[in-house]
Amino acid sequence: MRSRSNSGVRLDYYQRVVHRLMMNHQQPVTGLFPASPTNDHAWIRDNVYCILAVWGLSMAYKKIADQDEDRAKAYELEQSCVKLMRGLLMAMMQQKQKVEDFKTSQNPLDSLHAKYSSINGSTVVGDQEWGHLQIDAVSLYLLVLAQMTASGLQIIFSLDEVAFIQNLIFYIESAYCIPDYGVWERGDKTNHGFPELNASSIGMAKAALEAMNELDLFGARGGPSSVIHVLADEAQKCQAVLQSMLPRESNSKELDSGLLAIISFPAFAVDDPQLIEKTRDAIVNKLRGKYGCKRFLRDGHKTPKEDPNRLYYEPWELRMFENIECDWPLFFCYLVIDYCFEGDKQSIGEYSQKLDEILIKGEDGMKLVPELYAVPAHKVDAEYKDPGSQERIPLGRCPFLWGQSLYILGKLLQEGFLAAGELDPLNRRLCSEKKPDVVVQVVILAEDKEIRDKLLEHDLFVQTIAEVAPIEVQPARVLSHLYTYLGRNKKLGLSGRISRDVGILSTSKLYSLNDRIFAFTPQNFDYEEYYTSRDPALLASNFTANLAFLGMSWKHMLGRPTITLLATQYLLDQGKVPMAMITTMKKLKSGYINGTRVTLGNLGDFLSTSAITNLSFLGSQEDGYPDKLNPQVQQYLEEHLMKSFSHKWSLLTQTRGNRNNRSLRRRMSVKGAIKKTRSINVDSETLGMEGECVGPPDRKASWLDVDAIAKAGGRSPSPGPGDWRRKSINKGTSTTTLLSPQSPEIKSPNFDRAKSESPSKDEFDTTIKVTLSVPRGGGMRHRCSSETGNTSSHYADQEVAELLAMLREEESLEEQGDILQYLVDTHGLDYNTGMLEMGRVVTVKDLLKGLYEKACQQKLWGLVRHTAGMLGKRVEDLAKAVTDLLVRQKQVTVGMPPSNEYTITAPLPENELRHLIHLAYGDDESTAMLTQELLVYLAMFIRTEPQLFLEMLRLRVGLIIQVMATELSRTLSCDGEEASDRLLNLSPFEMKNLLYHILSGKEFAINSAKSFTQIVSDKIKPVKGRGNISVVSQKSGRVSKKSQIGIILNDGSNLDEANSIVEPDRQGQWLRRRRLDGALNRVPRDFYPRVWSVLEKCQGLAIEGKVLPQNLTQEMTSGELKFALAVETVLNSIPQPEYRQLVVEALMVLTLVAEYNVAPSLGGIIAAEHLVHKANQIFLDDQINCNGDATLCCAKPTSQREASASGGLLCGGAAFVCQHFYDSAPSGSYGTMTYITRAVASLLDCLPKTGELDCAVS
């Protein structure tokens, strides 16, 4: 026998260690590792980590296999890996029905079990007895399966097993929105069994999806049938959510050492090197100890203070675990491997030395990795006083096989037996390397020769669909349907892919099917889905956003993305190609568009450079004909060839008859029926202040009007069950204000009862009962009597035929809308009009559809939105949009604040979302549709520009709508009613643009098609808004952190009037900024952790009667999202956005007091509003002394102060704080922060009364 080389001897030592510590414990039947000699439970996660050392050693032996003996050892080790991976596969396949159920339910009780019997692979605990939903464990299995298969191991044996693995992909692909129990099996750290969205699970799922994509599970011996398919968009969604969460782990865990597995080996899930470094540094700085890293802050597991008789913790207990959490050597093993991949020899040496000091020597001198190190019970007090000073003792399993396996891998890497690339044959470690720019290939096709010729007039050469043959172009929904056949298996009872969503990454590939090649148009260009696709400017904007998204997100794919667009008759505007489309197409020819590299060409030219996927799964594998197309697929493709939209509606285009006086009276009775349903609360001068009814005296009052509230006793009824329609509209600087019993009683204008037609309380309650008892989609729809008023009873005996005759002869679509609104209110959508169209009975709903089509063609967006709402149309991606916001840790509220807001905290199905939105807005269909639209735009922005949403936790869509209307009201210098009309008539593109400017804080101007004088005259004689205004960015000469809003007037002859508008506009700069920030719930950086530090020093903070108690600091850490949400919830009880911002400023001043240790304690419960009102009082005193602007309104002796008719302040300041105080800059000697600091000094008894105190506010 030849003598061994030194390396061979050393490798034999590691082989003995692996054999003794691991393979000796591997179950001979199932191949699984039991948790311990006395516990036969086998965890998926622990088993996969255990086998990594065996796999690594087998590859090390392969490299030095100079003797048969070495080759035999390598083979034995490889087969040990195969045995374990197949053992886990068999255990999971016994639960195939759970995989099938989970695809639709996503219920934790339908999840695969996290552990199985190591003896026979069966389940060991019930569905409800354990937190089984652990997406990271299944994802880790799939990731390692992919890596082992790529290294040459044959683990999957049959096509049935391939189908099961494909369904496991469907099981994990929605990880970005599925709360689970996470790597520590606890969910929320109180261990009460509440699952959370965990970054470690999302990262592992993302890695598994990318590793599995296009992988042949049969390795080199496979064919098209054994390839796994992953839709790239699913991995990208995980990537986006992961980036938004890191370095946070979940709502209750601000950091977790388990993230080391995500940023480095084995997942390599993060592409951004800076984010990797930030996360690693956070873990090392906050969680590292002498003996390893803590799992997370306030982790009570195995600490001496933990009660061993129960699994869960009480919230107040968590503070006891601070500074005595157990250290886990496991994480030093992760860090060693991480630095081996980085090539950082200094850090490798540092952590190897730390590990050597804490490992325990076993028999034969083998170094064993213990599970954890805990503080002994008698040393707890000393550890509290001086964290890290006390020696710890090892507890738990020793060796801890998960840690032992990673320790051996680290040693093999350090000693050169393994190269980093061998542990990562799929090259995942390179994902954070800089890549060359992606070139997006763009193909524009014309539906027919007519459109091709129209584009040719603009020097744009395109092909028609017929000319690109044999390549077939289909809409995205066809690809969506084809993917439902993926993973189907009758024997296993698996149905394939359930989700119908295909994103832009998937439609930007070409697909081959036998001898055919398919190109698919993007999903958001499927024209008949939603009215926003009728706006060419929005389509062009979305298209450029899609290009930018492709440029950023096209990773891990061979070939370039190819985006195919279809120019159809449907896109033409009065027979012409819209200029927005022409402009965009011409930009494409330049090679760059908004910073994205593009190339415009023909489909045939791009075949050699495009990413092409083979749709081999559409063959009849189970019937034994893999090369023959599934008959169902064949039939589907033949039936669903692309058809252009050619639906024309003729019901409303009948010949006009003569108008008589009676029909004129009838027209007057229904006029404005649509406007009466609106609930947007705006008044340009005094938005939201308690005050008089806004609008002319002949306008019908509804429960939105103050008059009705005054009759009910001067205050709004409290929102009880079934009171969801009750809203109060109040004038003032606040957006909305709930009137409290302490508020002065409202003096309402004395309108005649017959004119106001507001119902009595009894009438109102009856109406509510009727309305609630009828399902939304059902036949008869009722509206509150306050909205239809006596009109319905007065004309109930009149013939509907008269209205239908009017409908036919009426040219104005708005008036047709009013008539149909009236018919729906009185007779319901399904009412038979007695008309016939092509032999079919025509209902009111059919007439509405016709009106909707005509309004779309004429671009009457207000009418489009209203009719779309009445017809129950939905935004195609509504549920997806809301989910995109929620998974990025933003809560969403819909409805008008404060009494009608509904908070959405978890993803909801499409139908439930629509029902909730319509519930929030009652019968205001226009605003309900606008809410859906804005949610989609917000989701677009958070996907492409997440920085816009920094320091915003909750998006209050109702408040955003009100602020948008306020900005239009101020910028166009019009009243609230016209502003809301203008807002609803903005085109979808302009709506998106206005929202963007408000979110970004950029200054904008309104370019109107009318001159200034026309706008002014509109206030006297309103003209229907046609969306004929555009929002444009404007550069400001003023210096401010967030530019404010200005006005541009087209007509130069009106400069004098323009200047008179612009000057007060400058004056209101800080008021508007506070109002915008308040409406967007934006807070200063690190605001929530700083509030936490204030709470530590006082007994609580009171805001609007709600108290943030000090014990929150016992339960939550300062960086915890749960704490931030608790603060946010209390702040949201303030209805006026600008007042909310002053309260935020007051809290910031308190944080400075806490941070500078001005006093050891801040005393009892601090009322934040008292600080604001005291600061306002000091401000007014100063104004009196220096004869400032506020002397015109509030800065007067109390006896001389005037009040508005409603009892509020004359200047319209919200919450009885002077308007001028709101409009003061935060800094400076007359700044709000200075006054609040003086108020703190005056009101807090704890501050020192003698000696020097620095009160300077920077």
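Parameters at a glance
Residues numbered from 1 in each chain as written. Predicted model: local features only at pLDDT ≥ 70, side-chain atom pairs only at ≥ 80, totals over all residues. Heavy atoms only, no water. Buried < 20%, exposed > 50% of the residue type's maximum accessible area, 1.4 Å probe, protein only. Helix = DSSP H or I, 4+ residues; strand = E, 2+ residues; numbered from the N terminus. Polar contact = N/O pair within 3.5 Å; in protein donor to acceptor, adjacent residues only side chain to side chain. Axes fitted to C-alpha atoms, helices over the stretch in contact; angles between N-to-C directions. Parallel < 35°, antiparallel > 145°, perpendicular 65-115°, else oblique. Left-handed = near helix turned anticlockwise from the far one by under 90°. Contact = heavy atoms within 4.5 Å. Phe/Tyr/Trp six-rings, centres within 6.5 Å; stacked < 30°, edge-to-face > 60°. Pairing = 2+ DSSP bridges.

Engineer: I'm lost on helix H35 (residues 976-984) in this one. Help?
Structural biologist: Residue pairs three or four apart in sequence face the same way in an α-helix, which turns once every 3.6 residues. The buried fraction of H35 is high, at 8 of 9 residues. Within H35, the full set of buried residues consists of Gly976, Glu978, Ala979, Ser980, Asp981, Arg982, Leu983 and Leu984. Two or three places before Glu977, at the start of H35, stands the capping residue Asp975, its side-chain oxygen 3.3 Å from that residue's backbone nitrogen.

Engineer: So what exactly am I meant to see when it comes to the packing of helix H44 (residues 1168-1186) against helix H46 (residues 1232-1243) here?
Structural biologist: When two helices pack together, their arrangement is given by the angle between the helix axes and the distance between those axes. One way to put it is that H44 packs onto H46 with a least axis distance of 8 Å and a crossing angle of 115°. Of the possible angle classes, the one that applies to H44 and H46 is roughly perpendicular. For the pair H44 and H46, the crossing hand works out as right-handed. Residue-level inspection shows His1170, Leu1171, Lys1174, Ala1175, Ile1178, Phe1179 and Asp1182 of H44 in contact with H46, the latter providing Tyr1235, Ile1236, Arg1238, Ala1239, Val1240, Ser1242 and Leu1243.

Engineer: Looking at this structure, how should I read the packing of aromatic side chains?
Structural biologist: If you walk through the whole model with that rule in mind, you get 28 aromatic pairs. When the centroid spacing of 4.9 Å and the interplanar angle of 10° are considered together, the rings of Tyr49 and Trp402 count as stacked. Of this pair, Tyr49 sits in helix H2 (residues 44-63) while Trp402 sits in helix H14 (residues 401-414), placing them 353 residues apart in sequence. Pair check on accessibility: Tyr49 and Trp402 agree, each one buried. Three or more aromatic residues joined by ring pairs make a cluster, and in this case those are Tyr49, Trp184, Trp328, Phe331, Tyr334, Phe400 and Trp402.

Engineer: Would you explain the sheet that holds strand S13 (residues 516-520) in this entry?
Structural biologist: Sheet strands pair via backbone hydrogen bonds, and the direction of the pair is either parallel or antiparallel. The strand order across the open sheet built from 4 strands is S9-S13-S12-S17, with neighbouring strands paired in mixed fashion. At either end of the open sheet lies a strand with only one pairing partner, and these are strand S9 (471-474) and strand S17 (612-614). With strand direction ignored, the average angle separating the axes of adjacent strands in the sheet is 30°. Pairing between strand S12 (residues 510-513) and S17: 3 bridges, direction parallel. Note that in S17 the partner of Tyr511 across the bridge is Thr613.

Engineer: Teacher, can you tell me more about unusual backbone geometry here?
Structural biologist: With the exception of glycine, most residues fall at negative phi, and the peptide bonds are largely trans. Residues Leu246 and Pro247 are joined by a peptide bond in cis, for which omega reads 5°. The peptide bond linking Cys398 to Pro399 adopts the cis configuration, its omega dihedral lying at 5°. Inspection of the secondary structure assignment puts Pro399 in the loop between strand S6 (393-395) and H14. Phi at Arg298 is positive, roughly 60°, even though this residue is not glycine. Relative to the helices and strands, Arg298 resides in the loop between helix H10 (273-287) and helix H11 (330-342). Owing to a relative accessible area of 1%, Arg298 belongs among the buried residues under this scheme.

Engineer: Help me out: how do you make sense of the sheet that holds strand S27 (residues 1098-1103) in this one?
Structural biologist: Taking strand neighbours across the sheet as the criterion, the 3 strands line up as S28-S27-S29 in an open arrangement whose pairing is mixed. At either end of the open sheet lies a strand with only one pairing partner, and these are strand S28 (1106-1109) and strand S29 (1163-1167). Taken pair by pair, the neighbouring strands of this sheet meet at an average axis angle of 20°, ignoring direction. Packing against the sheet, helix H40 (residues 1087-1097) makes contact with S27, S28 and S29, and its axis sits at approximately 125° to S27. Its contacts with the sheet put helix H42 (residues 1121-1131) on S27 and S28, and the angle it makes with S28 is roughly 160°.

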